[in-house]
Amino acid sequence: MEQDDVISQRELQQSMDAEVKRVSDLFRFLLKYKRHYQPSGVEFSGLRQYLPSDDASRIDWKISAGKPDLFVKQYEEEINMDAFIIVDCSSTMTFGTADKLKSEYAAIVAAALAYASLDAAIDVGFGIFGEEQLFLTPQGGMDRYHLFLKELTTLEYYGDSFDLEHALNETIGQIKEDTALFIVSDFIDVEGDWQTKMKLASMKFRHVMSIMVRDRTDYKMPEAGNIRFEAPGTGENMVVDTGKIKEEYEKEAAKQEEEIAERVEAGGSSFLKIDTRDSFSASFAEFFDENEGGW
């Protein structure tokens with residue numbers, strides 16, 4: 001990698017990091033997030049270093065006395081669960097008409113989930129699937145978050161297709177049962193018999209949540225006259241009069257989204273669609289409110 005590329009990637013990581021932390025309302029659903037996912041056991045299991053998000057009443061002052069760091073009492077409920085995030089980095093994700101490409105928006109969503117999980121003392125792992133693939137099992141500590149940022153801004157991963165069946169096979173085979181699984185994708189041209197594998201994942205894991213990231217033009221056609229379109233991956237071009245196909249296009253797009261949602265939910269996963277123009281943290285908060293205690 002050239003020096004300019006290294007600098008550019010570092011700047012992109014810093015920008016993503018700032019945006020993740022800027023979205024303060026993300027943490028409004030953090031307590032709900034923990035309540036939905038964390039098990040109910042409270043068996044004492046040991047001590048760990050104090051985090052800013054911890055309840056100060058759990059500080060073990062006897063152990064912390066005379067040490068440079070504070071320590072809190074750790075219970076089984078805090079270490080029982082992991083989070084794992086599958087990120088679609090295929091060609092269809094490298095498109096967008098808003099401030100961010102779908103891939104950029106998805107990366108921030110995934111990084112924010114990782115940050116919130118790690119801040120809640122939940123170990124995080126992730127799988128990146130596109131032109132290149134990366135699979136890392138869950139670990140704790142904010143070093144894991146910064147590694148995730150680094151890998152999400154590595155351009156070599158982006159391109160080609162997304163085989164969700166393969167991604168789920170890898171995850172089912174390597175990740176423990178007490179895990180919350182997140183899938184971040186546009187669900188366009190997804191390959192493999194993924195619904196069957198999603199059913200298996202839903203049977204194994206604590207919860208599976210599918211987050212569909214869409215650009216507005218994935219389902220709404222602007223009336224802008226003749227526009228040249230290029231197919232991701234193949235580079236094939238076509239000039240289309242958008243006014244003539246707008247109604248049919250939007251009808252077919254709505255049908256496709258409905259079919260995807262039905263397949264996802266039939267696979268035992270919860271489903272959330274987010275537009276790249278929307279606040280994803282607000283969408284999450286609304287989702288948790290609507291599904292309080294029922295997912």
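Residues numbered from 1 in each chain as written. Predicted model: local features only at pLDDT ≥ 70, side-chain atom pairs only at ≥ 80, totals over all residues. Heavy atoms only, no water.

Draft legend 1. The overall build of the protein chain, seen in detail. For the protein chain, the helix and strand inventory stands at ten helices and ten strands. Buried positions account for 46% of the 295 residues belonging to the protein chain. Intrachain contacts of the protein chain at a sequence separation of at least 6 include 75% that bridge at least 24 residues. (Helix = DSSP H or I, 4+ residues; strand = E, 2+ residues; numbered from the N terminus. Buried < 20%, exposed > 50% of the residue type's maximum accessible area, 1.4 Å probe, protein only. Contact = heavy atoms within 4.5 Å.)

Draft legend 2. Expanded view of the side chain of R214. Summarising the element assignment, R214 is placed in strand 7 (residues 207-214). For R214, a relative accessible area of 0% translates into the label buried. Within the structure, the side chain of R214 is placed 3.1 Å from the side chain of Q256, a separation counted as a polar contact. Residues in contact with R214, not counting those within four places in the same chain, are K102, D186, F187, I188, Y219, Q256, E257, I260, K273, I274, D275 and T276. (Polar contact = N/O pair within 3.5 Å; in protein donor to acceptor, adjacent residues only side chain to side chain.)

Draft legend 3. Spotlight on the packing of aromatic side chains. What the rule picks out here adds up to six aromatic pairs. Ring geometry for F84 against F135: centres 4.9 Å apart, planes inclined by 35°, an arrangement best described as tilted. Linking F84 in strand 3 (residues 82-89) with F135 in strand 5 (residues 133-139), this pair joins segments that are 51 residues apart in sequence. Residue classification places F135 among the buried positions, given a relative accessible area of 19%. (Phe/Tyr/Trp six-rings, centres within 6.5 Å; stacked < 30°, edge-to-face > 60°.)

Draft legend 4. Layout of a negative patch on the surface. A cluster of acidic side chains, namely E247, E248, E252, E258, E259, E262 and E265, defines a negative patch on the protein surface. Counting through the fold element by element, E259 comes out in helix 9 (residues 242-266). (Patch = residues over 30% accessible without salt bridge, like charges linked within 9 Å, V, L, I, M, F, W, Y side chains within 5 Å. Areas by Shrake-Rupley, 256 points an atom, 1.4 Å probe, with all protein chains shown as cover. Salt bridge = Lys/Arg side-chain N within 4 Å of Asp/Glu carboxyl O. Lys, Arg positive; Asp, Glu negative; His and termini not counted. Charge placed at Lys NZ, Arg CZ, Asp CG, Glu CD.)

Draft legend 5. Region of the structure containing the pattern of salt bridges. Here the structure, examined in full by the defined rule, presents ten salt bridges. A salt bridge links K100 to E19; the shortest N-O distance between them is 3.1 Å. Placement of K100 in the loop between strand 3 and helix 5 (102-119) and of E19 in helix 1 (residues 3-22) is noted, with a sequence separation of 81 residues between them. Measuring nitrogen to oxygen at the nearest pair gives 3.9 Å for the salt bridge that ties E151 to K150. Members of the salt-bridge network, linked through shared partners, are K102, D186 and D218.

Draft legend 6. A look at the side chain of E151. Counting through the fold element by element, E151 comes out in helix 6 (residues 142-152). Classification of E151 by relative accessible area gives buried; the value is 11%. Residues contacting E151, with those up to four places away along its chain left out, are F126, I128, L134 and Y157.

Draft legend 7. Region of the structure containing the packing of helix 5 against helix 6. One way to put it is that helix 5 packs onto helix 6 with a least axis distance of 9 Å and a crossing angle of 170°. In terms of orientation, helix 5 and helix 6 fall into the roughly antiparallel class. Across the interface between the two elements, A107, A110, A111, A114, Y115, L118 and D119 of helix 5 pack against M142, R144, Y145, F148, L149 and L152 of helix 6. A per-class count over the contact of helix 5 with helix 6 returns eleven nonpolar, no polar and two charged. (Axes fitted to C-alpha atoms, helices over the stretch in contact; angles between N-to-C directions. Parallel < 35°, antiparallel > 145°, perpendicular 65-115°, else oblique. Nonpolar A, V, L, I, M, F, W, Y, C, P; charged D, E, K, R; others polar.)

Draft legend 8. Looking closely at helix 5. Over its 18 residues, helix 5 runs 25 Å from end to end, which matches the ideal 26 Å to within 8%, given 1.5 Å per residue. For helix 5, the tally of buried residues reaches 17 of 18 residues, placing the bulk of the element in the interior. The first or second residue beyond helix 5 is A121, which carries a positive phi of 65°. (Expected span 1.5 Å × (residues − 1).)

Draft legend 9. How the structure looks around the pairing of strand 3. With eight of eight residues buried, strand 3 is to be regarded as a mostly interior element. Residue alternation in strand 3 divides its side chains into two sets, D82, F84, I86 and D88 and A83, I85, V87 and C89, and both sets are buried. Sheet analysis places strand 3 next to strand 4 (residues 123-130), joined by eight bridges and oriented parallel. Of the residues in strand 4, the one forming a bridge with F84 is G125. As for the winding sense of the linkage, the β-α-β connection from strand 3 through helix 5 to strand 4 is right-handed. (Pairing = 2+ DSSP bridges. Right-handed = clockwise from strand over helix to strand, strands pointing away.)

Draft legend 10. Focus on the environment of I188. The topology assignment puts I188 in the loop between strand 6 (179-185) and helix 8 (194-204). I188 gets classed as buried once you look at its relative accessible area, which sits at 16%. The spacing of I188 and S90 is 98 residues in sequence and 9.4 Å in space, taken between C-alpha atoms.

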